[in-house]
Amino acid sequence: MKNVLFIAAIVLLASCNSGETETSQTATTPEDRSIGFNTMLPELKFHLGTDAAVKVVKDLDKVWEAENYEAMRGFFVDTAKFYFNDGTIATSADEFIGMMKEDNGEEHTWTFDFAYSVDLDPTMGGEHVQAGFTGTMVKDGVETKNKGLESYYIIDGKIVTWTQYKLVVKSEE
């Protein structure tokens, strides 16, 4: 009889422990962490995006830095829109790449500082990637330092819109 009670106690403890494990795993499962707001679709909040969308931007940066314009073309939909910090707008991937190829006497270097992706509705396609850069432009022997933010809207691994924001940095004293 003692053996039967002992075995029953072990079975009871084992079932309690497995229940605790399931409960603790459930308790650590992240809940929906939507945040923020937007005025275009106020019923939707932002969610964390994916590394896949960030990778598109990282891969584009590599070919852009290498000035491989033909490889750049593959990152954009044909009808992509490009909004530059000076107000210039390119209305196609070809127009944008043509602008990048222009030699206007400027030399640009930059470091890619960060990128993250957010998504208004993870059940639908499309993510917003924000990327930060620190850059230097040299034109006619004059060096200008800047901080930049680029915003990419990506659907199915292709950039649909690109928007550039830039702040010229005066000497930090």
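Residues numbered from 1 in each chain as written. Predicted model: local features only at pLDDT ≥ 70, side-chain atom pairs only at ≥ 80, totals over all residues. Heavy atoms only, no water.

**Remarks on the overall build of the chain**
Consideration 1: For the chain, the count of helices and strands is four helices and seven strands.
Consideration 2: Ordered by position from the N terminus, the helices and strands of the chain form the series α-β-α-α-β-β-α-β-β-β-β.
Consideration 3: Looking at the chain as a whole, 28% of its 173 residues are labelled buried.
Consideration 4: Residue pairs in contact within the chain that sit at least 24 positions apart in sequence constitute 46% of those at least 6 positions apart. (Helix = DSSP H or I, 4+ residues; strand = E, 2+ residues; numbered from the N terminus. Buried < 20%, exposed > 50% of the residue type's maximum accessible area, 1.4 Å probe, protein only. Contact = heavy atoms within 4.5 Å.)

**Side note on the environment of aspartate 94**
Consideration 1: Looking at the element boundaries, aspartate 94 is found in helix 4 (residues 93-101).
Consideration 2: For the pair aspartate 94 and arginine 73, spaced 21 residues apart in sequence, the C-alpha to C-alpha distance is 7.5 Å.

**Quick notes on the packing of aromatic side chains**
Consideration 1: Applying the stated criterion to the full structure yields twelve aromatic pairs.
Consideration 2: Where phenylalanine 84 meets tryptophan 162, the ring centres are 5.0 Å apart and the plane angle is 70°; that geometry is what we call edge-to-face. Of this pair, phenylalanine 84 sits in the loop between strand 2 (76-83) and strand 3 (89-90) while tryptophan 162 sits in strand 7 (residues 158-169); the two residues are 78 residues apart in sequence, bridging distant segments of the chain.
Consideration 3: Under the relative-accessibility criterion, tryptophan 162 is labelled buried at 1%. (Phe/Tyr/Trp six-rings, centres within 6.5 Å; stacked < 30°, edge-to-face > 60°.)

**With respect to the sheet that holds strand 2**
Consideration 1: Strand order across the open sheet formed by seven strands is 1-4-5-6-7-2-3, with mixed pairing between neighbours. Two strands bound the open sheet, and with one partner strand each, they are strand 1 (47-48) and strand 3.
Consideration 2: Bridge count for strand 5 (residues 127-139) against strand 6 (residues 142-155) is 13 bridges, and the pairing is antiparallel. Residue pairing across strands places phenylalanine 133 opposite glycine 148, the latter belonging to strand 6.
Consideration 3: Lying on the sheet, helix 2 (residues 51-65) is in contact with strand 2, strand 4 (106-119), strand 5, strand 6 and strand 7; it crosses strand 4 at an angle near 170°. (Pairing = 2+ DSSP bridges. Axes fitted to C-alpha atoms, helices over the stretch in contact; angles between N-to-C directions.)

**Things to note about the pairing of strand 4**
Consideration 1: Where strand 1 meets strand 4, two bridges bridge the pair, whose relative direction is antiparallel. The partner of histidine 47 across the bridge, within strand 4, is aspartate 119.
Consideration 2: Pairing analysis gives twelve bridges linking strand 4 to strand 5, with the strands arranged antiparallel. Looking at the pairing, glutamate 106 lines up with lysine 139 of strand 5.

**Thoughts on the pattern of salt bridges**
Consideration 1: All told, the structure shown has five salt bridges when counted by the stated rule.
Consideration 2: A salt bridge links lysine 101 to glutamate 70; the nearest nitrogen and oxygen atoms lie 3.9 Å apart. Here lysine 101 is found in helix 4, whereas its partner glutamate 70 is found in helix 3 (residues 69-73), with 31 residues between them in sequence. (Salt bridge = Lys/Arg side-chain N within 4 Å of Asp/Glu carboxyl O.)

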